[in-house]
Amino acid sequence: MTAAARFFCADAAQARGDALAGTAPYGSVWVLIEYRGGWPSNGFDGLDLEPEVKGLVFAAAQALRARILLIRRPGRRVPEGPRRWAVLRHDGGGAHRQTWGTWNRDEDLSGIIGALGAAGEPGHPPVVLVCAHGLHDVCCAVRGRPVGRALSERWPHLVWECTHVGGDRFAANVVVAPDGVYYGNLTAGSSVTTVEEHLADRIHADHLRGYTDLFPPQQAAVAAVLGRFGPAGRHEYAIEATSRDTDRWRIRITGRPPRSSAFDVEVRSHRTPPYRLTCHGRAWSSANVYEVTSLDVG
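Here is what the cut-offs are and how they apply
Residues numbered from 1 in each chain as written. Predicted model: local features only at pLDDT ≥ 70, side-chain atom pairs only at ≥ 80, totals over all residues. Heavy atoms only, no water. Axes fitted to C-alpha atoms, helices over the stretch in contact; angles between N-to-C directions. Helix = DSSP H or I, 4+ residues; strand = E, 2+ residues; numbered from the N terminus. Parallel < 35°, antiparallel > 145°, perpendicular 65-115°, else oblique. Left-handed = near helix turned anticlockwise from the far one by under 90°. Contact = heavy atoms within 4.5 Å. Nonpolar A, V, L, I, M, F, W, Y, C, P; charged D, E, K, R; others polar. Buried < 20%, exposed > 50% of the residue type's maximum accessible area, 1.4 Å probe, protein only. Pairing = 2+ DSSP bridges.

A. Up close: the packing of helix H4 (residues 138-154) against helix H5 (residues 188-199). Packing of H4 against H5 brings their axes to within 8 Å, and their N-to-C directions diverge by 45 degrees. As the angle between them shows, H4 and H5 are arranged oblique. The chirality of how H4 crosses H5 is right-handed. Contact residues: H4 offers Pro146, Val147, Ala150, Leu151 and Arg154, while H5 offers Ala188, Ser191, Val192, Val195 and Glu196. Considering only residue class, the contact of H4 with H5 consists of seven nonpolar, one polar and two charged.

Put into structure tokens, the structure is as follows:
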């Protein structure tokens, strides 16, 4: 296949105008494992690790619905010293906790199991994860690696490349954890601005896919409020109530100081026509879209 004829899912999604809001996968716990070699297409599942340790780590993560991601520092230079692992946890209401460890042998990864059962330590800075998983999807590498380089030049100790985070067609994807915020359609330039604003606790609707402690219609509702009334801190808006009638949701959002307003947001869902949603996927499939149909202040 020639370069001109090659299909890139992110190009196709942007040409269609695929909606970002409401596409962040749900979750509040992340397991990060530094792996400096090549990443299998299925990430952690495909690693040749000691079977018993691997199975125990997977089971412990699955029990908490934790996402396991392989990570590495951006760039060609391979760091020296032990590899790192981490358990990041978002407990809601702004409570973030992390546990970090190191590993040389496969058996050292068993520390993850204990960390998943512990509260973790507060006070760590967030981790900025850039999906650059080329064997999973070409767009993640083509678009993700320049973003990873740009961000690591600014925040070298916060930024890691990572395996698949979901939503290949929105590459470049960035996840700030354990804040639980997904951003998509980023470039090297827009990623620096977006992360800079995030670290200053000013989240903009531009490039926002959603908050991972909210369900898709709630994510879309919060993005609509941010889009109309401007950026806000990660926890300045709270979901007070959600009701559903078939394909429609009524969502009540209240502002926390200094945001004192309340909003009633109506969200409608519908399925798109079938498309190719990934670079490697040959089958066509449709996706859910969450569209805000009204936003009232009251």
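B. Spatial organisation of the side chain of His198. Its place among the elements puts His198 in helix H5. Overall, His198 belongs to the buried group, its relative accessible area being 5%.

C. Main features of the sheet that holds strand S10 (residues 237-245). Spatial ordering of the open sheet is given by S10-S11-S12-S13, a layout of four strands whose pairing is antiparallel. Whereas interior strands pair on both sides, the edge strands pair on one side only; in this sheet they are S10 and strand S13 (288-297). Across the sheet, the mean angle from the axis of one strand to that of its neighbour is 25 degrees, orientation sign disregarded. Here S10 runs beside strand S11 (residues 248-255); their pairing, made up of eight bridges, is antiparallel. Note that in S11 the partner of Ile239 across the bridge is Ile253.

D. Representation of the pairing of strand S12 (residues 262-271) in the model. Here S11 runs beside S12; their pairing, made up of seven bridges, is antiparallel. Pairing of Thr254 across the sheet is with Ala262, part of S12. Where S11 folds back onto S12 in an antiparallel hairpin, the turn is made up of six residues. Of the strand pairs in this sheet, S12 and S13 are connected by nine bridges, and their pairing is antiparallel. The residue bridging Val265 from the neighbouring strand is Leu295, located in S13.

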